[in-house]
Amino acid sequence: MCLLAPRQANPGLSPGVLQFMNEEQKPELKKKREEALPERLLRRVLESMGDVVDRKFGRTVAPKGGLTTSQLIERMKKLIDERVRDEGRKGRIAPHHLRLKVEWGTHSEAPPEIIKDLEHEILAAAIDHVNDHRYRTMAPMNVDTEVDIFTTGISVDPTFGEFEEELRQADEAKRAAQLEVPHRSPFEKIPDVNLIARVTIRNEAHELPLALKPGGKRLSVGRVADNELTLNDASVSKIHAALTMNQQGTLLVADTGSTNGTYINGRRISYGEARQIEEGDVVGFGDVEVRFRKTE
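Nothing here was measured: the structure is a model prediction, and the numbers come from that model.

## What to know about the confidence of the model for the chain
The predicted coordinates of low-pLDDT regions are not to be read in fine detail. Confidence along the chain averages 78 in pLDDT terms, with 70% of residues attaining 70 or more. Per-element mean pLDDT across the chain ranges from 46 in helix 1 (residues 15–56) up to 97 in strand 16 (residues 283–285). Confidence drops under a pLDDT of 50 for residues 1–21, and excluding neighbours within four residues, the segment shows one contact in the predicted structure. Across residues 29–67, where pLDDT falls below 50, the model places 34 contacts with residues more than four positions away in sequence or in other chains.

Here it is in structure tokens:
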């Protein structure tokens, strides 16, 4: 067996000289470390700020919404093309109102100037796209931003704004005049989905009917009577949660700032987080348990 002797920092120097040099160098090394520390902290802050700005624009490599800004704009252009109306001699009419939806929490906390810059970027891209394809619009192009707890990341929904109902009625009248077989268009009325909510409060159960439209208005849940689902129990907040159904017919629930929380099968969901409700799930609003089922 061979044992290796410890390696000297500088075998040509005596221990006394080495000790003297180390003591002489200590103040200088300490000074360098003290000078380097603020620089590292400053660099870290700047990098964090840059990451925040990029994340607000969806420019990270894998943002939560799965979209970069360029992908967001390309998806918006595709939706505009899909919703263009061919009005014959009047030309092709494109949506003019852009609903920019941002996720509650991380994205909605972005500074106002960040959101404004994103609005300008989206609007400029939409105007260029409409002009390049020689579309017409029923009103000037505009963008409106809203924070939505049921949106993940950032999305853009092109619409005809105040003309939606007018165009829907025109489509229905045209179909009736031509005696066409009814078919669904983007402006056709979507039927409601009927639900039964079985509510259990302190071992007493009763059932309440609910109606939700896929992709439509959300329903509020709370203790006061003006909620669509009223749960008269002290553990339930006045405005406790919200229910909605996406366009695929999936029922979702989100807590809107309750005191005693919203639960799915005993697990509390975060404030502002939208979670899917599946068949057989027990949804807790405070101490109240609710089961939802669809009716024919």
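## Some details on the sheet that holds strand 2 (residues 92–94)
Taken in spatial order, the three strands of this open sheet run 1-2-4, and their pairing is mixed. A strand with exactly one partner marks an edge of an open sheet, and here the two such strands are strand 1 (85–86) and strand 4 (136–137).

## Quick look at the pattern of salt bridges
A side chain with one charge may pair with a side chain of the opposite charge, provided their charged atoms come close. Inspection of the entire model under this criterion finds 15 salt bridges. Here E74 makes a salt bridge to K77, at a shortest N to O gap of 3.6 Å. With E74 and K77 both in helix 2 (residues 69–83) and three residues apart, this pair spans about one turn of that helix. The class for E74 is partly exposed, based on a relative accessible area of 47%. Where K213 meets D192, a salt bridge forms, and the shortest distance between an N and an O atom there is 2.9 Å. Placement of the pair is K213 in the loop between strand 8 (204–212) and strand 9 (219–222) and D192 in the loop between helix 4 (164–178) and strand 7 (193–201), with a sequence separation of 21 residues. Judged by relative accessible area, which is 27%, K213 ranks as partly exposed. A residue is classified by how much of its surface remains accessible, and D192, at 44% relative accessible area, is partly exposed. Through salt bridges that share partners, R83, R99, E146 and D157 make up one connected network.

## A closer look at the nonpolar core
In this structure, L231, L243 and F292 are the most contacted members of the largest nonpolar core, which totals 25 residues. Those elements that provide at least two residues to this core are strand 7, strand 8, strand 9, strand 11 (241–245), strand 12 (251–255), strand 16 and strand 17 (288–294). The dominant element in this core, judged by the number of residues it contributes, is strand 7, at five residues. Beyond its immediate chain neighbours, meaning those up to four positions away, L243 contacts L210, L212, R218, L219, V221, L229, L252, V253, I277 and F292. Judged by nonpolar contacts, the second largest core, of 19 residues, contains M76, L98, I122 and V130.

## Focus: the sheet that holds strand 10 (residues 229–230)
The strand order 10-9-11-12-15 describes an open sheet built from five strands, whose pairing is mixed. In this open sheet, the two edge strands, each paired with only one partner strand, are strand 10 and strand 15 (274–276).

## A word on the pairing of strand 8
Strand direction decides the pairing type here: strand 7 and strand 8, joined by nine bridges, are antiparallel. Bridge pairing in strand 8 links R198 to E207. Following strand 7, the chain reverses through two residues before pairing antiparallel with strand 8; R202 in that reversal takes a positive phi of roughly 50°.

## Points about unusual backbone geometry
The phi torsion at R202 lies on the positive side, around 50°, for a residue other than glycine. Locating R202 in the fold gives a position in the loop between strand 7 and strand 8. Of the residues examined, R202 reaches a relative accessible area of 58% and is grouped as exposed. You will see that N203, though not glycine, has its phi angle at about 70°, which is positive. Residue position: N203 is located in the loop between strand 7 and strand 8. Assessed through its relative accessible area of 78%, N203 is described here as exposed.

Conventions we followed
Counting restarts for each chain: residues are numbered from 1 in the order of the written sequence. Side-chain atom pairs in this predicted model are given and counted only at pLDDT of 80 or more, local residue features only at pLDDT of at least 70, and totals for whole chains, interfaces and linings cover all residues. Computation of side-chain values: all heavy atoms of the structure, hydrogens and water removed. Residue-level confidence of the predictor is what pLDDT reports, using numbers from 0 through 100. For the purposes of this entry, the term helix denotes a DSSP run of H or I that reaches at least four residues, the term strand denotes a run of E that reaches at least two, and both are numbered from the N terminus. Between two residues, a contact is recorded if the distance between any of their heavy atoms is within 4.5 Å. A strand pair is defined by DSSP finding two or more bridges across the two strands. In the sections that follow, a salt bridge refers to a side-chain nitrogen of Lys or Arg positioned within 4 Å of a carboxyl oxygen of Asp or Glu. Exposure is judged per residue with a 1.4 Å probe applied to protein chains only, and the accessible area is read against the type maximum: over 50% gives exposed, under 20% gives buried, and values in between give partly exposed. Among the buried residues, those of types Ala, Val, Leu, Ile, Met, Phe, Trp, Tyr and Cys that are joined through side-chain atoms within 4.5 Å form a nonpolar core.

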